[in-house]
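Structure assessment
For reference, the chains in residue letters:
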Amino acid sequence: MFCGPPMTMYMRPGSWYDSERVKKLALFYNVVSAFLNPIIYSLQKNNLLPPNQLVEPSTIQELNQSAVTEFILLGFASNPRTDPLLFTFFLVFYLLILVSNSLLITLIHQDTRLHTPMDFFISVLSMLDVCYTTTTVPQMLVHILSKKRAVSFARCVAQMHLFLLFGTTEYCLFSIMSVDRYVAICHPLRYKVIMNHWVCLLMVGICAAYGVVGGLCFTFFAMCLPYCGPNEIDHYFCEVPAVLKLACADTSLNDLVNIITGFNVIVVPLSLIVIVYINIFFTIMKIRSAQGRIKAFSTCASHITVVSMFAIPCSVTYLSPGSDSLSNNGKKMALFYNIATAFLNPVIYSLRNKDVKNAFLKLMGRGRAPE
């Protein structure tokens, strides 16, 4: 029906052209064939269900594979008495994170004595901490006081990716900061030449690219799974291990992918940090004066403390096979490396840095000057 009329029209010589006949042929293959196609195929199809025939349960399950349009975050157990206290506690923590990290960024930006590579990396770390916590904490605060704890599928995916992006970038930044300490201690005379402004920017760019790729790997494979019936996430935000528990398919491949990806974004940077600090340790031991060794060790103590607080709970969460690793203990670990570390980072780096203290006192002195 379709091939005959076009062949007659387009494969005949121009001298045989008949306008009336061509119009009829064009009407036939343009309108009539389009009308008859569904009728012919429907009559020949024996497995189409009549309108009143019941659908098999297996077919219903297949149709519901993409039925989940939102997730419900269970978060913490709701209690009318404790919810206001919990809300106040996390709100104060979040505001302290915003204020302390923003203040540290301001001090590093304004005081020329803090325009060093390490302080530049600390300011980037503070920005990541603000972004990292902002992806989860405001939503958690709303859900503590709200009865409706639903998030759309797209919003859950976006939160998952942003959380992993900032977290992976921060983890990679820790390894870059260890390299900075290595150059400062092992090659002090060439420190400013090696760790120049463009090298620091390049390192931060590599960390950001690492975070984007790592976040995409975790998120992409998690969202490729079908989510059919249950939609309650036993967590206070969309985290990969908790979301995988709701998948209506075998997650063994995802567990393998998560372990491989987690190895690359967690174990590889951590291994680099360990190797770097082993070299730093042997270099420090060569210093003759005890005071020089103590001073060199003190410059690394802050970084080692922060890395330990962040690395241990992350490794337990993302390198444990299976989805059962996320429970109440998993929520506590997520709270620790999501909120506690973001709060403690500026405190730890500030307390052990005399230049930061002096910059803060200088800023306070400027604020009192007009009075």
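Please refer to the structure placed before this passage.
These lines cover the structure that appears in this document, whether it is placed above or below. Just so it is clear, the model here is predicted, and its values are computed rather than measured.

Considering the overall build of the protein chain
The number of helices and strands found in the protein chain is 14 helices and three strands. When the 371 residues of the protein chain are sorted by exposure, 40% land in the buried category. The contacts of the protein chain with a sequence gap of at least 6 include a subset with a gap of at least 24, amounting to 79%. When the accessible surface of the protein chain is split by element, carbon and sulfur atoms take 67% of a total near 21,000 Å².

Let's talk about the packing of aromatic side chains
This model, assessed by the stated rule, comprises 18 aromatic pairs. Ring geometry for Phe-310 against Tyr-337: centres 6.2 Å apart, planes inclined by 75 degrees, an arrangement best described as edge-to-face. With Phe-310 in helix α12 (residues 290-318) and Tyr-337 in helix α13 (residues 328-351), this residue pair connects regions lying 27 residues apart in the sequence. Judged by relative accessible area, which is 1%, Tyr-337 ranks as buried.

A few points about the nonpolar core
The biggest cluster of nonpolar side chains holds 82 residues, and the ones touching the most others in it are Met-160, Met-177, Tyr-227 and Ile-233. Ranked by the residues each element gives to this core, the list is headed by helix α7 (residues 153-186), at 15 residues. If sequence neighbours within four positions are ignored, Met-160 has contacts with Thr-219, Ala-222, Met-223, Cys-238, Val-240 and Val-243.

Details of the sheet that holds strand β2 (residues 150-152)
The mixed open sheet is built from three strands, whose spatial order is β2-β1-β3. Edge strands, defined here as strands with exactly one partner in the open sheet, are β2 and β3 (232-233). Two elements, strand β1 (residues 70-73) and β3, share two bridges in a ladder whose sense is parallel. Looking across to β3, one finds that Ile-72 is bridged to Glu-232. Strands β1, β2 and β3 of the sheet are contacted by α7, whose axis makes an angle of about 85 degrees with β2.

Thoughts on the pattern of salt bridges
In the structure shown here, the tally under the stated rule is two salt bridges. Of the charged contacts, one joins Asp-180 and Arg-181 as a salt bridge, the two residues approaching to 3.0 Å between their closest N and O atoms. Residue Asp-180 shares its accessibility class with Arg-181, and that shared class is buried.

Some details on the state of the cysteines
Here, disulfide denotes a covalent bond that connects the sulfur atoms of two cysteines. Within this structure, the stated rule accounts for two disulfides. One disulfide in the model links Cys-228 with Cys-248; its S-S distance is 1.7 Å. Judged by the sign of its S-S torsion, about -110 degrees, the cystine formed by Cys-228 and Cys-248 is left-handed. Placement of the pair is Cys-228 in the loop between α9 (197-223) and β3 and Cys-248 in the loop between α10 (240-244) and α11 (252-285), with a sequence separation of 20 residues. A relative accessible area of 15% places Cys-228 in the buried class. Sequence-ordered numbering of the bonded cysteines in the protein chain gives a disulfide pattern of 1-3, 2-4.

So, α11
Taking 1.5 Å per residue, 34 residues should reach 50 Å; α11 reaches 47 Å between its end C-alpha atoms and fits that length. Along its length, α11 shows its largest kink, about 35 degrees, at Phe-263.

Rules behind the numbers
Residues numbered from 1 in each chain as written. Predicted model: local features only at pLDDT ≥ 70, side-chain atom pairs only at ≥ 80, totals over all residues. Heavy atoms only, no water. Helix = DSSP H or I, 4+ residues; strand = E, 2+ residues; numbered from the N terminus. Buried < 20%, exposed > 50% of the residue type's maximum accessible area, 1.4 Å probe, protein only. Contact = heavy atoms within 4.5 Å. Areas by Shrake-Rupley, 256 points an atom, 1.4 Å probe, with all protein chains shown as cover. Phe/Tyr/Trp six-rings, centres within 6.5 Å; stacked < 30°, edge-to-face > 60°. Core = buried A, V, L, I, M, F, W, Y, C linked by side-chain atoms within 4.5 Å. Pairing = 2+ DSSP bridges. Axes fitted to C-alpha atoms, helices over the stretch in contact; angles between N-to-C directions. Salt bridge = Lys/Arg side-chain N within 4 Å of Asp/Glu carboxyl O. Disulfide = S-S within 2.5 Å. Expected span 1.5 Å × (residues − 1). Bend = angle between axes of the 7 residues up to and from the residue.

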